[in-house]
Structures are given as C-alpha cells and as structure tokens.
Amino acid sequence: MLPPPALPALSRPPADPHAVALAETAALLAAGLFGADMVVLKLSRPTEVTHVHDVLPAGAEVRLRLSAEIPGPDAACWGSVELFDGETPAAEAETKAEDEAAQPARPARPATALAATQAAQIALDQLAAHIASGVRALHAHRYEDHLTGLGNRHRFILDAAAALNERPADVQARLWAGIIDVLPLEDISRLVVSAGLHRVELAISLMAERLSRTLPSGVRLYRLGLVRFGLFRDDTLEHMHGCLSKCVAQFEAPLHVDDVMQLDLCAVAGMIPVERGELEDLIAALYSTSLAARSQGRPVTVYNRQVLRTQQRHGMIVNSVRAAIAAPGQLRLVYQPRERTADGNWTSVEALLRWDHPTLGEIPPGEFIPLVEHTALMPLLTDWVLGTGLRQLGQWQRELPALKMSINISASDLKRPNFDGRVRRLMDEHRVSARSLELEVTEGAIVRTERAVLETLGGLSRHGVEIAIDDFGAGYSNLTQLSELQVDVIKIDNRLVRAVAANPRAATIVQSVVDLAKRLGHRVVVEGVETAELKALSAHWGCDEMQGYYIARPMELAAMTQALATRHVCAAVH
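Since this is a predicted model, take the numbers as computed values, not measurements.

> Could you clarify how one ought to interpret the overall build of the chain in this entry?
If you tally the helices and strands in the chain, you get 20 helices and 20 strands. Sorting the 574 residues of the chain into buried and exposed places 47% on the buried side. Counted over contacts in the chain with a minimum sequence separation of 6, partners at least 24 positions apart contribute 70%.

In structure tokens:
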C-alpha cells in the first residue's frame, strides 16, 4: 500500500477562471471514467492551475496510482493528470458500513475500480491529450491575437503577474512594461475608409513583424490595441528606454504594404515600472503614457502617475454628467452682473454654471466644459442651463422687466437641428420677454462659419435673441467675417484686458478693437475688469459695459436676488 498523496497547494493568483473551469471539468470526467477516488490535475503552462477532486475515505491507503503528462507543443510538458484509488482498512470499513446503514441513502460511488492495465494507461494518455487540446483552444481563444498571433492584453497581464511572482527578492533591476503606439487611432480610421480593412490588417501584421525582429532575444511582443504593441522585461530604466527607442526608430522608414499602399508612420512609446497590486491599471497606465508621448512630441515617455490620475478624473467627470443633470443639487447657476459704463447701472446678469460633484467636490467649469463640449452630453448640459436660467429670469422680470440674462452656448449647439426653435419655446414657457436673452458664443466657435450655424444665428436674431461673441481677441479674430455675422455684442477677452498692465501695446490693441466694433454697430463689453485702473481704462476706450471682479463677483442665487433688489437696473443702450 502507498500512503495518501500530499495534496498540492492551491494555484497562485491570478489563476485564469476559464482554465480553472476546464481543469475542474477534466478532473470530474477522469474520476467518472476511471472510477478514481482522487484526481490531481496540474497545469503549469500556459496558465498555472491546480485542481484536486478528492473522495478518498478518511484513513484510506492508496493501493493504485496512474499518471500521464499533458503534452504541450514542441514536446513540452504543460502539466500532468494523476489518478489514485484507495482502500479502507477492514476495521474502519465495518464501522463505516454500520454508520452508513443508519444514514439516509446517498448516491453510490462509481462501482468500477481503477485498473492498472496497459489499456487504462492508454486511455489516460488519450484523456491527457484531449485536455491539452482544450487548453490550446482556450489559450488561442483567450490569449492570442488572431490577426498577428501575438499574445493579447489578457496574456500580457497574466505574464506580467507571473514575472513578478518569479522575481528573486534581491534582484536590482525593475520589471518594466512598455508600449509602442505606431499610429494615432484617427489615422487608422481614415486608412480603413480610404484603403480598405484588408490592407489595414495586412499593415498591422507587418508592423508586428517589424517590431518582433527588433526586440532582443527572449523579449515577447504583445498586441495591446489596434496599433499598440506591448512588452515587458527585467532591466534598468536606461536599457528599457534604449530598447523602446530602437522600436520607435524602426518606423522612421515607410512601411511598404503592397504595390498600392505605402505608409509613413509616426510611432511613439511609453514605459512604466510594473508594481504588485497595480496590474488592473497597467494597460490604462500604458495607454496614458503613449498618449502623453504623442501629445508632447517625444519618442519615448516614462510614466507619470499624475497624468493617469488626471485622465481618470476627466473620465469620471464625463461619465458623471448625466447623473448630475438628473440629480437635484449637483448643478447650479451663479450670476455675475454687467455694469453700464455711462452711469454705473446694471443692465444684465451672466448665468455661470457650477458643479458640486458628490465625490470630487466643486469642479471648475474651466475643467469640465472643455471635456464635455465636443461630446453628445453638451446638448443636455446646455438645455439644463437654458431651462434653469430662463425660469429664473422670468421670475426676476416680474419686478425688473428691463433685466437681461446672458447664457453661454457651445459651437455644437449652433449645429443642432431646430436649436433656435427650442430656445423660443423655453422663452415662451417661462414668459421671458423678447430681447432679454443674450446667447454668448466663443469667437472660435464661429470663426469657420457653416451654413447650419449661420441659419441658427439668423433664426435666433429674427426672434429677438441677441448674440454675443465671447472672448473676442483670444486668437481667432477674423475681422472680415465680423462684418458678415449677425451679432449684437462683442466681449473683449479678459486675458487681453489684463495684459494691459504689463504691456502698453495691449492697450492699443484693445482700443482698436473697440473702435472697429462700435463702427460696425456692435455694443462692446470689457471682461476681466478687476481693478479701478482697468475700470477707468474701459471708460476711456469707450466701452458700453463692463464685467469683472471689481464690478461684482459671481453670486449665488439668493445673494444676486438681494443685490438686484437694491440696485437700479436699466436696459442696455442699443
């Protein structure tokens, strides 16, 4: 008799759940086919899994053992399957029989005993071969990129985890992960349209071949994205940087795809030290690093943790917009007045959006508006601001019929079908009088006028809504276009105004812009009036209205309502 086998330790994480399920199924199948009391199935490659199916009675001794290797490719061994049959001592068997007679009937164990015959060994070898076939199919499906044959993202993470686990404690070099981003995603999309998917896939395969030839022996290449490839290695920062630099340099020469297609590529790379406990974020961190390399124009960039945190914050902000609109209390409007230069009376208030996020706290509009304005979420945000602002304006106008409100909209709003009709419906709903609404559009939003934009502006103007160009002078100025647009107000960019204190030439520019705008029949508002000197200069330039911290800071609703009750509000001079 043989002593019972020592049960192996459980597999080290991270064990692939699909491989675990396959091993469990194979062990149960072996137990049923061979009538074994215990099955031990071990996989060491391509993923490490150990599964034990054990129904040996307590105190049993092993009387028979069969084993077979699980064959891998190229005569490699991927693991083993072992079968054990036990025999209960006679005294314990009598006691067990008496106990079982007193218990309710339970399903019987397989009647067939494990046989140590040549036929049984052949059958076990065949089962091991079937297990190997299943593992290979699982590996190909879960861990291989079907286009290039490289390991995919799942394989990359599992191999990185295994490499961390196998590292000696006293090793000096770090485990580095690298990413090579061969071409921006938007360029690939254009190539698919112009050259066809087949040629683009062929190009991706050739990219993989070029990189594989560049890497040192023993360093494996993975495909992490459409045209993003990854690798990792134990090395110093300098050597890893040099390896990635060589990979990037491989794409300085054009990629000859076929007789029709030749690509001039622009590859960049990023690198990051692999740390325990951070494997879930490894791919995201590598993507972040490659994006930073491309935006900074650097061939290779080393991971900056703060960049990833910023990108994750931005992603959280964008994904929270819908919930913020639906949830009461997150979004609110504050209001900043505009003062008429001639007599100091207030003419209007600008509605400014604020967001108090439940976990991120107060998010500045200068952070979340640029993130949202080019997405499908911007119309939802604009509609919320318009509805909330016009509702409040309607309430204020019961006591102050001359009060106007200015609301910011984006370039995408001007391209929305029937946007002018939606604005008119909201004005009618909240009983807001004509010409008491001013919509502010940045200069950059209308610098390239499109037919849809011009039609929307025309429709709003015909209904009496005033249009203001915000941040005029910020760098997009097209003076010829200014004469053609149907706008009422020009708001001088506050950065240009604040530059006056340090640069006397800026004052000349502001004066020229004011003179030109007024000759074209526009009212001129100066933003960024934060000192008495700037207020005096605004009057000297001949501006119609002023806005800035020196006039009044943005106020919460209650404070603005109280301030309006004590101020004389008059209509703007047209």
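> Got a minute to help me understand the pattern of salt bridges in this structure?
If the charged atoms of two oppositely charged side chains come close together, the side chains can form a pair. In this structure the tally under the stated criterion is 33 salt bridges. Among the ionic pairs, D159 bridges to R155, the shortest N-O distance being 2.9 Å. One end of the pair, D159, and the other, R155, are both in helix α4 (residues 153–166), four residues apart, so they sit about a helical turn from each other. Across the pair, exposure class does not vary: D159 and R155 are buried alike. Where salt bridges share partners, they join R338, K404, R435, E438, E466, D488, R523 and E545 into one cluster.

> What is the right way to look at the nonpolar core in this model?
One recurring pattern in soluble globular proteins is that nonpolar side chains are buried together. Membership of the largest hydrophobic core comes to 71 residues, with the highest contact counts inside it found for V423, L439 and I492. For this core, the element with the highest residue contribution is helix α12 (residues 378–396), accounting for eight residues. In terms of nonpolar packing, the next biggest core, distinct from the first, is built from 35 residues, I188, L211, L244 and F251 among them.

> Quick question: what am I supposed to make of unusual backbone geometry here?
Glycine aside, negative phi is the norm for most residues, and most peptide bonds take the trans geometry. One non-glycine residue, R431, adopts positive backbone phi at about 55 degrees. Along the chain, R431 falls in the loop between α14 (419–429) and β16 (437–442). Given the relative accessible area of 75%, R431 is considered exposed. One non-glycine residue, D471, lies in the positive phi region at around 55 degrees.

> Any chance you could explain the sheet that holds strand β3 (residues 61–71) here in plain terms?
One key point about sheets: their strands pair by backbone hydrogen bonds, in either a parallel or an antiparallel sense. On the basis of which strands lie adjacent, the open sheet formed by four strands has the order β2-β1-β4-β3 and antiparallel pairing. The open sheet has two edge strands with one neighbour each: β2 (49–54) and β3. When the angles between neighbouring strand axes are averaged without regard to direction, this sheet yields 10 degrees. Across six bridges, the pairing between strand β1 (residues 38–43) and β2 is antiparallel. Pairing of L41 across the sheet is with H51, part of β2. Against the sheet, helix α3 (residues 118–143) touches β1, β3 and β4 (77–87), its axis set at about 45 degrees to β3.

> Even after reading the chapter, I still don't get α12, so can you show me in this structure?
Residue pairs spaced three or four apart in an α-helix point in one direction, given the helix's 3.6 residues per turn. Between its first and last C-alpha, α12 extends 27 Å over 19 residues, near the 27 Å set by a 1.5 Å rise per residue. Where burial is concerned, most of α12 is hidden: 16 out of the 19 residues are buried.

> Would you mind going over the pairing of strand β13 (residues 346–357) with me for this structure?
Looking along a regular strand, one sees side chains alternate from face to face of the sheet. Burial analysis of β13 places eleven of its twelve residues in the buried class, which makes it a mostly covered element. One ladder, built from nine bridges, connects strand β12 (residues 331–340) with β13; its direction is antiparallel. Considered in β13, the bridge of E339 is made with W346. The antiparallel hairpin formed by β12 and β13 contains five residues in its connecting segment, where G344 sits at a positive phi of about 80 degrees. Of the pairings in the sheet, the one linking β13 to strand β15 (residues 404–408) comprises four bridges and is parallel in character. Paired with E350 across the strands is S406, a residue of β15. Both β13 and strand β14 (residues 361–363) contribute to a ladder of three bridges, which runs antiparallel.

> Explain the state of the cysteines here, please?
Here, disulfide denotes a covalent bond that connects the sulfur atoms of two cysteines. All told, the structure shown has zero disulfides when counted by the stated rule. With no disulfide of its own, C247 has C243 as its nearest cysteine by sulfur position, at a separation of 4.6 Å. Exposure remark for C247: the relative accessible area of 0% places this residue in the buried category.

> Help me understand the pairing of strand β17 (residues 466–472) in this model?
Extensive coverage of β17 is indicated by the burial of six of its seven residues. Two elements, β16 and β17, share five bridges in a ladder whose sense is parallel. Its bridge partner being in β17, E440 is matched across the sheet by A468. Here three bridges tie β17 to strand β18 (residues 489–492), and the two strands are oriented parallel to one another. Bridge pairing links F472 to I492 in β18.

Conventions used here
Residues numbered from 1 in each chain as written. Predicted model: local features only at pLDDT ≥ 70, side-chain atom pairs only at ≥ 80, totals over all residues. Heavy atoms only, no water. Helix = DSSP H or I, 4+ residues; strand = E, 2+ residues; numbered from the N terminus. Buried < 20%, exposed > 50% of the residue type's maximum accessible area, 1.4 Å probe, protein only. Contact = heavy atoms within 4.5 Å. Salt bridge = Lys/Arg side-chain N within 4 Å of Asp/Glu carboxyl O. Core = buried A, V, L, I, M, F, W, Y, C linked by side-chain atoms within 4.5 Å. Pairing = 2+ DSSP bridges. Axes fitted to C-alpha atoms, helices over the stretch in contact; angles between N-to-C directions. Expected span 1.5 Å × (residues − 1). Disulfide = S-S within 2.5 Å.

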